[in-house]
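Structural overview for review
Letter by letter, the chains look like this.
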Amino acid sequence: NEYKSYLSWDLVVLFMSVASIVLKKGFDKVQYTQLPEEIDPIDEDHNIVQESVSPSGDTPPSPHTTSPVNHSEQRRLLTDEGEANIPANQTNDPQFNEVIQEAEQAIDDGILPERIYQGSSGSYFVRGRNRKIIGVFKPKNEEPYGHLNPKWTKWLHKIFLPCCFGRSCLIPNQGYMSEAGASVVDSKLGLNVVPKTKVVALASETFNYTAIDKAKAKSVKFATEKFPDTIGKKMKAGLPPKIGSFQLFVTGYKDADYWIRRFQEEPLAEDVQTHFQRRFERLVCLDYIIRNTDRGNDNWLIKYDKDLILNPTEALHVAAIDNGLAFPFKHPDEWRAYPYYWAWLPYANVPFSDDTKNELYHKLKDLEVIQDLINELYSVFKHDKGFDKALFERQMSVMRGQILNLCQALEENKSPLQLVQMPLLRIERRSDALNTRGSSFIQRFQDKYPFFSSC
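Keep in mind that what you see is a predicted model, and the values were worked out from it rather than measured.

**Comments concerning the confidence of the model for the protein chain**
- For the protein chain, per-residue confidence averages 81 on the pLDDT scale, and residues scoring 70 or more make up 74% of the total.
- Note on residues 1-7: pLDDT is under 50 here. Beyond four places in sequence and across chains, it has two contacts.

**Some details on the pattern of salt bridges**
- Applying the stated rule across the entire model yields 22 salt bridges.
- Put simply, Glu 266 and Lys 306 hold a salt bridge, and the shortest N to O gap is 3.0 Å. Taken together, the residues Glu 266 in the loop between helix H7 (256-265) and helix H8 (270-290) and Lys 306 in the loop between strand E9 (300-304) and helix H9 (312-315) connect sequence positions 40 residues apart.
- Take Glu 266: its relative accessible area is 37%, and that puts it in the partly exposed class.
- Between Glu 412 and Lys 414 there is a salt bridge, with its nearest N and O atoms 3.6 Å apart.
- Counted as one network, the salt bridges with shared partners bring together Lys 138, Glu 179 and Asp 322.

**A word on the packing of aromatic side chains**
- The final tally for this structure, using the stated rule, is 24 aromatic pairs.
- Between Phe 263 and Phe 276, the aromatic rings sit 5.7 Å apart at their centres with planes inclined by 70 degrees, giving edge-to-face as the arrangement. Taken as a pair, Phe 263 in helix H7 and Phe 276 in helix H8 lie far apart in primary sequence, 13 residues in all.
- The buried category is assigned to Phe 263, whose relative accessible area is 6%.
- Among the residues examined, Phe 276 registers a relative accessible area of 0% and is labelled buried.
- Seen from their ring centres, Trp 335 and Phe 451 are 5.8 Å apart, and the 65 degrees between their planes marks the pair as edge-to-face. Here Trp 335 is found in the loop between strand E10 (316-320) and helix H10 (354-365), whereas its partner Phe 451 is found in the segment after strand E12 (441-445), with 116 residues between them in sequence.
- Exposure remark for Trp 335: the relative accessible area of 48% places this residue in the partly exposed category.
- Pairwise contacts between aromatic rings join Tyr 258, Trp 259, Phe 263, Phe 276, Phe 280, Tyr 288, Trp 300, Tyr 304, Tyr 340, Trp 342 and Tyr 347 into one cluster.
- Geometry around Tyr 209 places Lys 242 over its ring, the cationic atom sitting 4.8 Å from the centre.

**Here we look at the environment of Met 422**
- By the secondary structure assignment, Met 422 is in the loop between helix H13 (416-420) and strand E11 (425-429).
- Measuring from C-alpha to C-alpha, the distance between Met 422 and Gln 408 comes to 9.7 Å, with 14 residues separating the pair along the chain.
- Non-local contacts of Met 422, meaning those with residues more than four positions away in its chain, are made with Asn 405, Gln 408, Ala 409 and Lys 414.

**Here we look at the sheet that holds E10**
- The antiparallel open sheet is built from three strands, whose spatial order is E8-E9-E10. Looking at which strands have only one partner, the edges of the open sheet turn out to be strand E8 (254-255) and E10.
- The strands that H7 touches are E8, E9 and E10; relative to E9, the one it contacts most, it runs at about 50 degrees.
- Across the face of the sheet, H8 comes into contact with E9 and E10 while running at roughly 10 degrees to E10.

**Some thoughts on the sheet that holds strand E4 (residues 124-127)**
- If you trace the five strands from one edge of the open sheet to the other, you get E3-E4-E5-E7-E6, paired in antiparallel fashion. Looking along the sheet, the strands with just one partner apiece sit at the ends: strand E3 (114-115) and strand E6 (197-202).
- The pairing of E3 with E4 spans two bridges and is classified as antiparallel. Bridge pairing in E4 links Arg 115 to Tyr 124.
- Helix H2 (residues 94-108) rests against E4, strand E5 (133-139), E6 and strand E7 (242-248) of the sheet, and its axis sits at about 120 degrees to E7.
- Sheet contacts for helix H4 (residues 175-189): E5, E6 and E7; angle to E6, the most-contacted strand, approximately 140 degrees.

Reading the values: the criteria
- Residues numbered from 1 in each chain as written.
- Predicted model: local features only at pLDDT ≥ 70, side-chain atom pairs only at ≥ 80, totals over all residues.
- Heavy atoms only, no water.
- pLDDT = per-residue confidence, 0-100.
- Contact = heavy atoms within 4.5 Å.
- Salt bridge = Lys/Arg side-chain N within 4 Å of Asp/Glu carboxyl O.
- Helix = DSSP H or I, 4+ residues; strand = E, 2+ residues; numbered from the N terminus.
- Buried < 20%, exposed > 50% of the residue type's maximum accessible area, 1.4 Å probe, protein only.
- Phe/Tyr/Trp six-rings, centres within 6.5 Å; stacked < 30°, edge-to-face > 60°.
- Lys NZ or Arg CZ within 6 Å of the ring centre and 35° of its normal.
- Pairing = 2+ DSSP bridges.
- Axes fitted to C-alpha atoms, helices over the stretch in contact; angles between N-to-C directions.

Structure below.
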């Protein structure tokens, strides 16, 4: 009787699955449909205003350029239940594509991703067929405030402390886009501190799915095995893929907190210390530009090899991971300030080096570079199902203000600590910016500050 009941439930779910396919315009409809022509991030007429604010605060005029439409990004990855519209795990990076293919083949071979038990969200170590970790996958719907987050602590947080739930300055459930966006900024500015990260789709039994998804997958598997020549041809077996960020795994690294304590006990050689200071400054610049609200000394990494101290650039490396709580649409202004914890390290008291100035200052002042960066971020963020163009523009207004402050700090030989003490501002696009060629942006200083400034 128990077996018959179990089989009856499978048949019910199977019937529902078949019915859903039929209702979606029949068996023969193609799931991959073309999206509407993409809208330019700045101008609905596809005219991008190449204007920004110089470090002095002036807004020089810039010519208008046209942004070409990338039709390769208009393919739909998932069916109507999908959460994002992204190319089917194909990027413009062949090496990254090979890693994703390796991950998919490993999952097919039964080498499943393993949940990382640290942290407040569902994130997973992904292994290759040789069983070595090749990446970290963070599904969108398992983020700290996602509806399938497997960590019960956030559920308790939401139920018993609703007044402190979430970060009001961030767009909810866009952490995976923030991870990919940080990688875009890192690559565009040549910082080389963020392991390459892109948005992909993966499916695995070890991910957190609803009971309905699990039952449906089991029933579809039953159908494809029992009726391979009829229903099985029109149904895709397996669990639905999850959209999320995939970050390449870096080996040999440890938490910055561990090495910083070691460096205090065993000081580095002078040339290695100089190299570390330069890498630290790149981390600072990244975090400040994207306004990372979650940078502690436990989520950036250091790799140090004493045997290579004769070659400082090989002896020590820095990696900025966990960039999912960045790109706010406003500066924190309620309960918490979400400070940069590296600002309390002794390295933050040292003025920015000439190397950092030479590498970054001219890029950050270049209006075309900044506009190209914004366009690249738009090309990533727009694929989220809940993308809001107005909120994206507010995110960019915060980032423009951060870049303006950073330019001024580099120009005036300030230190990272002095940088974070500068007045906060936003560079907002004027409502009539598309109809003028002069002052297209306006500066707005922060006039409201959070209650707690140290957390």
